[in-house]
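Observations on the three-dimensional arrangement
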Amino acid sequence: MKKSNLMMIITMSLFFFGMFTWTVLADTPDYSESERRVLAGFPKISVQNILDGDFADDFDEYAVERFPARDMWRGIKAYTSRALLQKDNNGIYTIGDHISKIEYPINYPMLDHAADVMNKVSDKYLTDNNVYFAIIPDKNRYLAETSDVLAIDYEELTEYMTGKMSFAEYIEIADLLDADDYYNTDTHWRQENILDVAQRITGKMGEALNGEFTTEVAHTSFEGVYLGQSALKWQPDTIKYLINRTIENAEVEGAKAVYDMSKLNDKDPYEMFLSGNQPIVTIKNSDNTNGKKLIMFRDSYGSSIAPLMIECYSEIVLVDLRYISSDMLGEYVDFKNADALFIYSTSLLNNSLALK
Amino acid sequence: MLFSSITFLYYFLPITIIAYFLTPARYRNGTLLLASIIFYAWGEPKIVFYMILTIIVNYALGQLMEKSSRYKKIWLLISVLFCLGSLGYFKYADFFIENINAVTGLSIPLLKVGLPVGISFYTFQILSYTVDVYRGRVKAQKSLIKLATYISMFPQLIAGPIVRYQDVESKLDNRNYNVDAIAEGIRRFVYGLAKKVLIANILGELCADFRTAEEISVVFYWVYAVSFALQIYFDFSGYSDMAIGLGKILGFEFMENFNYPFISKSITEFWRRWHISLGSWFRDYVYIPLGGSKGTMARTYLNILVVWMLTGFWHGAAWNFLLWGLYFAVLLLMEKKFLLKVLENRTIVGHVYVLFAAAISFVIFNGESLAQIATDFSGMFGFSGLPLVSLETVYYLKNYATVLVVAIVGATPLVKNFVCRYEKLKLIEPAVLLGLMVVITAYLIDGSFNPFLYFRF
């Protein structure tokens with residue numbers, strides 16, 4: 001008998017039985033803060049469940065998702081992946097201070113679906129309106145300029161979409177942005193960096209945006225969606241917001257406030273902008289008596305740019321077609337005498353199934 | 001249940017090992033049998049009853065063959081018909097129905113019966129037992145528990161190696177345990193698990209990326225061919241290592257199933273190193289009974305063709321597997337006729353020829369259809385008008401370069417020879433194994449990609 005073999009048996013036995021004990025005894029959370037999702041619970045035990053194989057499948061999922069110290073193991077995998085010189089881990093990659101997720105390739109059926117929904121809305125509600133269209137590039141567009149990570153051809157996507165949106169005037173904004181206009185750890189853009197974008201859009205829509213704001217800090221340790229997905233140790237972001245008298249006086253329906261500070265302690269602090277994703281939010285600006293109304297069809301990026309435009313309108317109605325069907329809009333939104341803006345990110349357009 | 005799963009590693013295995021070694025020796029077969037039934041039922045809660053029935057039927061037929069030897073042939077025939085009939089029903093019925101419909105224009109409805117996990121493995125294992133009893137090579141096992149333990153033992157139940165009854169017969173009665181054997185078992189198991197999770201699964205992701213790529217290129221096709229060949233090798237040999245390792249821990253010695261096939265200098269040699277238990281099964285139970293190479297040259301060639309078509313068909317009920325078998329039959333016939341003489345003393349040529357032939361073979365093996373295989377070959381050999389290389393190809397090559405290099409080196413005996421040369425490396429082995437288990441666990445928790453390719457069989 002070799003002593004080294006005995007050592008090995010003892011070591012590995014302690015490991016396996018130790019891990020078994022840990023998995024059985026550990027009390028693990030049913031929600032993952034880093035992944036922002038509910039984790040699998042212990043499966044239902046019934047004869048039917050067992051015979052169908054559902055119990056086994058669900059237990060396997062439970063065993064993985066509720067393994068103790070899940071985030072630690074995910075971190076080990078992430079760092080091992082980096083040690084193996086892999087450029088991405090589950091599609092998540094880092095360039096400089098940025099963490100991002102690969103968006104590739106262009107999904108033409110999804111672009112078609114998005115265009116179909118927007119065309120349907122236009123045909124049904126916007127025949128007498130000025131309609132505009134803007135595409136917000138996700139930050140991969142800019143990160144791809146300094147890396148060889150796979151990225152879609154944004155020009156091609158833009159050309160394809162504008163070809164499908166002939167009823168709308170296209171507003172180009174990509175040239176006003178770069179990677180640092182986005183949070184390092186999140187997909188979204190920084191509100192304090194997109195004033196020029198808001199000015200160009202409102203300018204093209206016939207309204208001059210003066211843009212006098214004060215910058216305030218809302219959150220100094222914002223861990224964006226990509227940070228959790230990456231499982232890496234990373235410097236969190238700071239959320240800043242722009243405020244002025246107009247924003248302070250604005251009245252909001254469908255959200256708690258323009259800047260909903262209660263969201264800063266929730267799972268996604270970015271939702272402080274207009275309380276996150278809501279089907280319909282109405283912002284009324286009684287300081288503006290021009291009677292102009294804007295209907296903004298948007299995704300989550302729209303939540304942070306809409307406050308900057310309040311001063312140009314008496315009323316802005318934000319519509320999120322992921323949470324309300326376009327068929328029902330007429331019951332909730334008055335489209336008369338309003339300008340319409342479709343403003344979506346490339347990530348939404350490329351994965352537009354939720355639009356209805 | 002997969003070996004490479006949290007459920008197996010940190011629930012089933014510790015409980016089973018504790019229960020097994022706490023059980024008095026004379027009842028250990030019962031514990032192993034119970035654990036094996038649970039193991040199989042985990043993935044096949046209904047089909048487990050079929051497996052139990054098959055064991056009982058063939059146990060009875062084995063007894064009958066010994067007690068009533070006048071009708072031995074009949075009992076053997078019943079065993080063969082039962083086993084192959086069941087295999088045919090579960091695995092091949094819809095293939096034949098589809099092809100009959102295609103040829104005749106009929107619309108016979110498909111049976112749509114799910115393929116039970118591991119059925120091809122344990123069916124062949126059962127048949128090897130009943131044939132060996134018929135031939136008088138082994139005595140029929142009197143204990144149903146022992147026979148059931150042999151057929152169903154979880155280390156090799158669903159993915160081999162195909163264990164011969166004579167190799168474990170004495171161990172069913174009496175098993176000795178020693179520290180060195182158990183340590184070797186642990187070693188084999190962990191290295192096998194690492195091969196599966198840290199190499200095969202990652203290469204599998206590369207192959208999946210290839211299939212969904214936007215900008216394929218000629219180089220990408222070859223990267224795919226090489227990657228899939230390595231994936232299936234590490235997947236299957238890793239699983240075999242785990243099976244052999246678990247067997248050793250439990251007191252059994254299973255045959256080796258892989259012996260660095262990619263260092264072969266001929267396809268004849270390749271098939272002595274790849275899935276050895278299957279090759280030897282077909283040799284002993286099909287090729288030799290057909291006459292082997294004892295008859296005329298024409299008869300020998302026919303036997304080789306039959307065996308290899310069946311070998312291909314064993315792997316799957318689809319035309320690409322038949323084509324795969326035929327492909328190897330042609331190469332083996334060519335080698336038998338003249339090619340082996342040509343390759344003699346041409347080592348480098350032999351190595352290049354085998355690597356090329358193996359890469360081509362696995363493209364056929366992994367083709368979803370004959371049309372896809374044609375597309376793949378067209379792409380590989382530059383007939384599709386594809387560019388030589390693309391940005392996407394370069395990205396994925398960079399992404400997987402380290403793992404590919406590790407896989408290529410690991411597919412040769414270089415690492416083993418290096419470790420054997422330096423005895424002192426054994427001192428750090430526990431730390432290495434622990435480190436591997438930590439990383440493996442991390443990959444299992446964070447990854448969702450964990451297929452086992454040979455589960456189709």
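Residues numbered from 1 in each chain as written. Chains lettered and ligands numbered in written order. Predicted model: local features only at pLDDT ≥ 70, side-chain atom pairs only at ≥ 80, totals over all residues. Heavy atoms only, no water.

On average, residues of chain B score 93 in pLDDT, and 98% of them reach the 70 mark or higher. Across the interfaces of the predicted complex, the ipTM metric reaches 0.90, alongside a pTM of 0.92. (pLDDT = per-residue confidence, 0-100.)

Below, the discussion takes up the packing of aromatic side chains. Residues and elements named next belong to chain B. A full pass over the atoms with the stated rule returns 93 aromatic pairs over all chains. Plain terms: the ring middles of tyrosine 20 and phenylalanine 21 are 5.1 Å apart, the flat faces sit at 90 degrees to each other, and that makes the pair edge-to-face. The ring centre of tyrosine 134 lies 5.3 Å from the NZ or CZ of lysine 72, which sits over that ring. We note lysine 91 situated over the ring of tryptophan 314; from NZ or CZ to the ring centre the distance is 5.3 Å. (Phe/Tyr/Trp six-rings, centres within 6.5 Å; stacked < 30°, edge-to-face > 60°. Lys NZ or Arg CZ within 6 Å of the ring centre and 35° of its normal.)

Glancing now at unusual backbone geometry. Residues Tyr104(A) and Pro105(A) are joined by a peptide bond in cis, for which omega reads -5 degrees. The topology assignment puts Pro105(A) in the loop between strand E4 (98-101) and helix H5 (108-125). Looking along the chain, the bond that leaves Gly160(B) and enters Pro161(B) is cis, with omega of 0 degrees. By secondary structure assignment, the location of Pro161(B) is in the loop between helix H6 (144-152) and helix H7 (165-173). For Tyr260(B), which is not glycine, the phi dihedral falls at a positive 45 degrees. Inspection of the secondary structure assignment puts Tyr260(B) in the loop between helix H9 (218-250) and helix H10 (267-273). (Helix = DSSP H or I, 4+ residues; strand = E, 2+ residues; numbered from the N terminus.)

Interface size is commonly expressed as the accessible area that is lost once the parts come together. Each partner contributes to the interface: chain A provides 48 residues, whereas chain B provides 46 residues. Surface buried jointly by chain A and chain B totals about 4,500 Å² across both partners, of which 71% is contributed by carbon and sulfur atoms. For the interface between chain A and chain B, the tally reads four salt bridges. Here Lys77(A) and Asp446(B) are joined by a salt bridge, their closest N and O atoms 3.6 Å apart. (Contact = heavy atoms within 4.5 Å. Buried area = accessible area lost by both parts, 1.4 Å probe. Salt bridge = Lys/Arg side-chain N within 4 Å of Asp/Glu carboxyl O.)

Once that is clear, we can look at a negative patch on the surface. A surface patch of negative charge is lined by Asp153(A), Glu156(A), Glu159(A), Glu214(B) and Glu215(B). When you line up the elements, Glu215(B) lands in the loop between helix H8 (179-211) and H9. (Patch = residues over 30% accessible without salt bridge, like charges linked within 9 Å, V, L, I, M, F, W, Y side chains within 5 Å. Areas by Shrake-Rupley, 256 points an atom, 1.4 Å probe, with all protein chains shown as cover. Lys, Arg positive; Asp, Glu negative; His and termini not counted. Charge placed at Lys NZ, Arg CZ, Asp CG, Glu CD.)

Counting residues in each nonpolar core, the largest one holds 224 residues, and the members touching the most others are Trp189(A) and Phe8(B). Here the element with the most residues in this core is H9(B); it accounts for 18 residues. The residues touching Phe8(B), leaving out its near neighbours within four places in the chain, are Met1(B), Leu2(B), Phe3(B), Leu13(B), Pro14(B), Phe39(B), Phe154(B), Phe189(B) and Leu246(B). Phe133(A), Phe297(A), Val317(A) and Phe342(A) belong to the second-largest nonpolar core, a separate cluster that totals 35 residues. (Core = buried A, V, L, I, M, F, W, Y, C linked by side-chain atoms within 4.5 Å. Buried < 20%, exposed > 50% of the residue type's maximum accessible area, 1.4 Å probe, protein only.)

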